[in-house]
Amino acid sequence: MKSVRGLSRRSVRRRTGQVLVEGPQGVREAVRFTPERIADLYVTAEAAHRYAEFVEPAREAGVFVHEASAEVLAAMCDADTPQGMAAVVDWAAAELTSVLDAEPRLLVLLTNVRDPGNLGTVIRGADAAGADAVLISDASVDVTSPKVVRSTAGSLFHLPVVTGLDIDETLAVLGAAGIRRLAADGAGELTLDESDLSGPHVWVMGNEAWGLEPQTREACDEVVRVPIHGQAESLNLAMATTICLYASARQQRA
């Protein structure tokens, strides 16, 4: 119980190289896509019966499945209601070089995202839009935190996520690889509808409160804004990112 609960702390996650996945949705995707990385699966008897369609495959894949009471799970987990199951998973961050070797067409680079819910929702939106990878700066919130993992709803196991990136270096590497760098900013001269999104590009997104740093915006090839037709002052970061990614997907898949 102590070792699992300890994964709510960043220092423990770094030392062990493991993350805590809480709830059936995230656990299901971990079982389906990366069962070899699951160290332990904790599940109540009720949840084991309800979600047998992926609990039993986990057993067959050699995952250690432990039956636990709801009280024990609650004590181990960060979430108030872990919904009867949690898994300890070995974390494997992707490398930028491997992402570029795959010749990506759609990426998103998060520069200073501080809200765990926003980061998780962006990863989920990028997965839904068919992005090739999510790139995260070293100044952003830790992607392995339980709240971020929960917010991805399992998408964390679907696409590469590269963390700990220096923004200036990353933008230079992406530019050298022929990937257009599009800064999403309300001050952009071009609107989303006016931009050519058919070729390989990366959406560069800023902080929830202050947006992009001036030097980051200047290092990009274009500055693009999402048009606001109503009276809203701005859009939530995760919402704006998802809108940009879907606009890209629509042009690239036309």
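This report concerns the structure included in the present document. (Residues numbered from 1 in each chain as written. Predicted model: local features only at pLDDT ≥ 70, side-chain atom pairs only at ≥ 80, totals over all residues. Heavy atoms only, no water.)

**Comments concerning the sheet that holds strand E1 (residues 18-22)**
Here comes step 1: If you trace the 4 strands from one edge of the open sheet to the other, you get E1-E4-E2-E3, paired in mixed fashion. Both outer strands of the open sheet, E1 and strand E3 (64-67), are each paired with one neighbouring strand and no more. Between one strand axis and the next, the sheet turns through 15° on average, direction left out of account.
Here comes step 2: Here 4 bridges tie strand E2 (residues 38-43) to E3, and the two strands are oriented parallel to one another. (Pairing = 2+ DSSP bridges. Helix = DSSP H or I, 4+ residues; strand = E, 2+ residues; numbered from the N terminus. Axes fitted to C-alpha atoms, helices over the stretch in contact; angles between N-to-C directions.)

**Examining the sheet that holds strand E7 (residues 161-165)**
Here comes step 1: Sheet architecture is open: 7 strands sit in the order E7-E6-E5-E10-E8-E11-E9, paired in parallel fashion. With partners counted over all chains shown, the strands left at the sheet margins are E7 and strand E9 (190-191), one partner each.
Here comes step 2: With respect to the sheet, helix H8 (residues 116-129) is in contact with strand E5 (106-110), strand E6 (133-137) and E7, its orientation differing from that of E5 by roughly 175°.
Here comes step 3: Sheet contacts for helix H12 (residues 237-252): E5, strand E8 (180-184) and strand E10 (201-205); angle to E10, the most-contacted strand, approximately 170°. (Contact = heavy atoms within 4.5 Å.)

**Topic: the side chain of Ser145**
Here comes step 1: Structurally, Ser145 can be placed in the loop between E6 and helix H9 (146-151).
Here comes step 2: Classification of Ser145 as buried rests on a relative accessible area of 13%.
Here comes step 3: Once you skip the residues sitting within four places of it in the chain, Ser145 turns out to touch Arg13 and Pro116. (Buried < 20%, exposed > 50% of the residue type's maximum accessible area, 1.4 Å probe, protein only.)

**Considering the packing of aromatic side chains**
Here comes step 1: Counting across every chain of the model gives 1 aromatic pair.
Here comes step 2: Ring centres of Tyr51 and Phe54 lie 5.6 Å apart, and the angle between their planes is 35°; this geometry places the pair in the tilted category. Of the two residues examined, Tyr51 and Phe54, each falls in the buried class. (Phe/Tyr/Trp six-rings, centres within 6.5 Å; stacked < 30°, edge-to-face > 60°.)

**Quick word on the pairing of E7**
Here comes step 1: Both E6 and E7 contribute to a ladder of 3 bridges, which runs parallel. Looking at E7, one finds that Leu135 is bridged to Val162.
Here comes step 2: Once the chain exits E6 it traverses H9 before rejoining the sheet at E7, and the crossover so formed is right-handed. (Right-handed = clockwise from strand over helix to strand, strands pointing away.)

**Considering the side chain of Ser140**
Here comes step 1: With respect to the element layout, Ser140 can be found in the loop between E6 and H9.
Here comes step 2: A relative accessible area of 9% places Ser140 in the buried class.
Here comes step 3: Within the local environment of Ser140, its side chain forms a polar contact with the backbone nitrogen of Val113, the two atoms lying 3.1 Å apart.
Here comes step 4: One polar contact links Ser140 to Ser137, side chain to side chain, over a distance of 3.0 Å.
Here comes step 5: In this structure, Ser140 is in contact with Leu110, Thr111, Asn112 and Val113, ignoring residues within four places of it in sequence. (Polar contact = N/O pair within 3.5 Å; in protein donor to acceptor, adjacent residues only side chain to side chain.)

**Description of H8**
Here comes step 1: Spanning 14 residues, H8 covers 20 Å between terminal C-alpha atoms, matching the ideal 20 Å at 1.5 Å per step.
Here comes step 2: Of the surrounding secondary structure, the elements contacted by the buried residues of H8 are E5, E6, H9, E7 and H12.
Here comes step 3: Its side-chain oxygen placed 3.0 Å from the backbone nitrogen of Gly117, Asp115 serves as the N-cap of H8.
Here comes step 4: Positive backbone phi, approximately 85°, marks Gly130, located one or two places after H8. (Expected span 1.5 Å × (residues − 1).)

**Description of a nonpolar patch on the surface**
Here comes step 1: On the surface, Ile228, Leu235, Met239 and Ile243 cluster together to form a nonpolar patch covering roughly 310 Å² of accessible area.
Here comes step 2: For Met239, a relative accessible area of 45% corresponds to the partly exposed category. (Patch = residues over 30% accessible without salt bridge, like charges linked within 9 Å, V, L, I, M, F, W, Y side chains within 5 Å. Areas by Shrake-Rupley, 256 points an atom, 1.4 Å probe, with all protein chains shown as cover. Salt bridge = Lys/Arg side-chain N within 4 Å of Asp/Glu carboxyl O.)

**A word on the packing of H8 against H12**
Between two packed helices, the angle of one axis relative to the other and the distance separating the axes together describe the packing.
Here comes step 1: Interhelical geometry of H8 versus H12 gives an angle of 15° and a closest axis separation of 9 Å. The orientation of H8 relative to H12 falls into the category roughly parallel. As for the relative orientation of H8 and H12, their crossing is right-handed in sense. Across the interface between the two elements, Asn118, Thr121, Val122, Gly125, Ala126, Ala128 and Ala129 from H8 touch Leu237, Ala238, Thr241, Thr242, Leu245, Tyr246 and Ala249 from H12.
Here comes step 2: Across the contact of H8 with H12, the residue classes tally to 9 nonpolar, 5 polar and no charged. (Parallel < 35°, antiparallel > 145°, perpendicular 65-115°, else oblique. Left-handed = near helix turned anticlockwise from the far one by under 90°. Nonpolar A, V, L, I, M, F, W, Y, C, P; charged D, E, K, R; others polar.)

Everything listed is a geometric property; what it means functionally is a separate question.
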